[in-house]
Amino acid sequence: MAKLNQKLKLKLKYKDDLFKFILSIFIFGIILIFITVVAIIIYYSYPAVSRFGIAFLWTKEWNPPKEIFGAATFIAGTFMVTIIALIFAIPLSLGIGIFLEEYCPKFLKGFFTIIIEILAGIPSVIFGVWGVLTIVPWLRRDIEPFFEAHFSNIPFLKVTENIGYGILAASIVVAFMVVPIIASITKDALAAVPKITKDGALAMGATRLDVIKDVSLPFSYRGIYGGIILGFGRAVGETIAVVLLIGNQAIIPKSIFGVGYTISAMLANTFTFAVISPIYASSEVALALILLLISLIVNIIGRNVLQKVIGGKLSRTQFGGG
Amino acid sequence: MADIDKNNKNNNIDKNNIDNAIDNNKEEIKIEVKNLNFYYGDYHLLKDINLFFKKNSVCTILGPSGCGKSSFLRTLNRMNDYTEGSKLKGEVLLDGKNIYDKSIDVVELRRNVGMVFQNPNPFPKTVFENVAFGLKIHGIRNKQFIAERVEKCLKYAGLFDEVKDKLHKNAFSLSGGQQQRLCIARAIATNPSVLLMDEPTAYLDPASTATILDLIANFKKFYTIIIVSHNIQQAGRISDYSGFFLNGELIEFSKSGDFFTRPKDKRTENFITNRF
Ligand SMILES: Nc1ncnc2c1ncn2[C@@H]1O[C@H](COP(=O)(O)OP(=O)(O)OP(=O)(O)O)[C@@H](O)[C@H]1O
Ligand SMILES: [Mg+2]
């Protein structure tokens, strides 16, 4: 009997080790994929990087026949879409998060939460198609004529071509894609505020608004900040919806109504043609490298922030006791 | 706290009646609870509670876990307003006025009835801002007045010497006992006349507990204090009145001397002797 047990144990031990081994292979695989991605991007972008140098970042021309390549227009478009999208998305998401956690009746909260989760999971091409069918005509018919009539002397709001497509259309749709992310993280961060701390403020005569302002937001701002970083990451790399909406012209937009191009949209549209010339292809990969660096940097910042939040929670529970 | 009051009157900035003087002693009874019934949905928790709290007395509420002590305490400053599905019948008269009356301003009620919780629950702000919080939300803007008041309340809570160099540090950097005294300082900053304390020393070490019990003994001069406690010895030592709750009923309520030496009800006696 003892012998049998011994055998069984050995067998289990063997199984356990095998399991560990397989898992390690998976982990290695993931690390390998990451390294390969970075290495390949660096390797293939090298010809362009060595030829154009750092000036690649601020060269505005993108001229394959002349073999002059610069990323400035795409970087500008990428940041414009991202920033305008976040300007729309942040207040909206905070509003939704605060409403859901602090004001929404219980029976509606679950329903809204599911809607938000579903929105977060909808493929981006669908958002793009929706934008073409609704946002573009709306901008063309109502918004652009209005701005043309009233704000035509404000540079950043000047309407050049009244076509609906452009930076603003892309930004609005990207904002809708980012809202579910930031809103649900805001909601979770607010939900993590200890009830006893909120009760403490209410028991002093604070109104709901006082509690949100003075307790809930100060308590959860790091989490919300992390959510915004994640939203930024999503917005900066968003491709398909932007391709459909931004107008796809390699110029630096002078107005939010202007057309433009983002790095991801450019790659999606032209990378397959770029193989005709090695330096053309390499320049496109150099664009990819820039996008990769932006998203890595943003991710690292976001990760640090999230870590601090978790750290903060731990240190708080130490004080709180039971 | 008396000198704080004087100070405030001299400054004459008391828009929200932050300091209602404690001198008006003609009314002996501070709070009277009449036929109080309280429900969580269909669950009838508190049943026909009748009792009163005398001005400037300390009263301890005792009872086994789950008997409704915290729920009872929360009916006295209407914190139960925020519990979805809860329902209350009966009256709670504070200075003769029913706090559940439609005309009652809940913000003013809570200014007047302070609460200290079982766990220290400082706000995610500095030590200074924690104590100033009540003043700010009640509309006081005078910086100098706030600063003086914060210092006085911290002194009064026996915390000032320990935190005078940390006033602008986050309150979470204080120890648990310090945090709880900070919460007490915060609660008295708006100069309430009643202090509700739900097991204020439950999670503190003996030294911090002793400090807070001393505070409570001192506070009697200024406030009517109602404490929920699990510690029978403590209750006997610091309180003038004691009440015993069991399954949502008030079994016994009397002067602490009688309560502990000659309990009228067998269940009270069992509870006391089992714990001694
Ligand atoms: N928000 C709520 N909703 C429903 N039931 C509740 C709620 N809060 C408390 N109860 C119930 O009411 C009863 C009394 O709770 P309460 O917290 O008042 O007891 P307690 O005497 O303070 O206990 P303890 O000594 O453990 O703190 C318990 O059975 C509890 O489950
Ligand atoms: Mg309790």
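Residues numbered from 1 in each chain as written. Chains lettered and ligands numbered in written order. Predicted model: local features only at pLDDT ≥ 70, side-chain atom pairs only at ≥ 80, totals over all residues. Heavy atoms only, no water.

1. A short note on the site of ligand 1
All names here are of chain B.
Next up, step 1: Lining the immediate surroundings of ligand 1 are 13 residues, of which Ser65, Gly66, Lys69, Ser70 and Ser71 lie closest.
Next up, step 2: Gly66 places a main-chain nitrogen or oxygen 2.9 Å from an oxygen atom of ligand 1.
Next up, step 3: Note that an oxygen atom of ligand 1 is positioned 2.7 Å from one of the side-chain N or O atoms of Ser70.
Next up, step 4: Surface burial for ligand 1 is 61%, taken as the share of its 630 Å² of free accessible area covered by protein chains.
Next up, step 5: Of all the secondary structure elements, the ones that give two or more residues to the shell around ligand 1 are strand 2 (43–54) and helix 2 (69–75). (Near = heavy atom within 4 Å. Polar contact = N/O pair within 3.5 Å; in protein donor to acceptor, adjacent residues only side chain to side chain. Areas by Shrake-Rupley, 256 points an atom, 1.4 Å probe, with all protein chains shown as cover. Helix = DSSP H or I, 4+ residues; strand = E, 2+ residues; numbered from the N terminus.)

2. A closer look at the environment of Arg74 of chain B
Next up, step 1: Along the chain, Arg74 of chain B turns up in helix 2.
Next up, step 2: Taking the relative accessible area as the measure of exposure, Arg74 of chain B reaches 16% and is therefore buried.
Next up, step 3: Residues Arg74 of chain B and Leu196 of chain B, 122 residues apart in the sequence, show an inter-C-alpha distance of 8.6 Å.
Next up, step 4: The residues touching Arg74 of chain B, leaving out its near neighbours within four places in the chain, are Lys195 and Asp199 of chain A together with Met79, Asn80, Thr83, Met115 and Phe117 of chain B. (Buried < 20%, exposed > 50% of the residue type's maximum accessible area, 1.4 Å probe, protein only. Contact = heavy atoms within 4.5 Å.)

3. Points about a nonpolar patch on the surface
Next up, step 1: Residues Tyr14, Leu18, Phe19, Phe21, Ile22, Leu23, Ile25, Phe26, Ile27, Ile31, Phe34 and Ile35 of chain A make up a contiguous nonpolar surface patch of about 1,200 Å² in total accessible area.
Next up, step 2: As for its position among the elements, Phe26 of chain A is in helix 1 (residues 2–52). (Patch = residues over 30% accessible without salt bridge, like charges linked within 9 Å, V, L, I, M, F, W, Y side chains within 5 Å. Salt bridge = Lys/Arg side-chain N within 4 Å of Asp/Glu carboxyl O.)

4. Comments concerning the pattern of salt bridges
All names here are of chain A.
Next up, step 1: For the coordinates displayed, the defined rule picks out 19 salt bridges over all chains.
Next up, step 2: Across the salt bridge formed by Lys198 and Glu102, the nearest N and O atoms sit 3.4 Å from each other. Of the two residues, Lys198 sits in helix 6 (residues 195–202) while Glu102 sits in helix 2 (residues 72–103), which places them 96 residues apart along the sequence. Glu102 matches Lys198 in its accessibility class, with the two residues each being buried.

5. A few points about the confidence of the model for chain A
Next up, step 1: Considering every residue of chain A, the mean pLDDT works out to 89; 93% of them sit at 70 or more.
Next up, step 2: Here residues 313–322 of chain A is a poorly scored stretch, pLDDT under 50, and it has twelve contacts once near neighbours within four places are set aside; other chains count. (pLDDT = per-residue confidence, 0-100.)

6. So, the interface of chain A and chain B
Next up, step 1: The partner chain B presents 28 residues to the 23 residues of chain A that form the contact.
Next up, step 2: Put simply, Asp214 of chain A and Lys125 of chain B hold a salt bridge, and the shortest N to O gap is 3.3 Å.
Next up, step 3: The interface formed by chain A and chain B contains five residue pairs in polar contact (both at pLDDT 80 or more).
Next up, step 4: Elements supplying a minimum of two residues to the side of chain A that touches chain B: helix 6, helix 7 (208–237) and helix 10 (278–320) of chain A.
Next up, step 5: Looking at which element gives the most residues to the side of chain A that touches chain B, the answer is helix 6 of chain A, with seven residues.
Next up, step 6: In the side of chain A that touches chain B, the residues fall into ten nonpolar, six polar and seven charged. (Nonpolar A, V, L, I, M, F, W, Y, C, P; charged D, E, K, R; others polar.)

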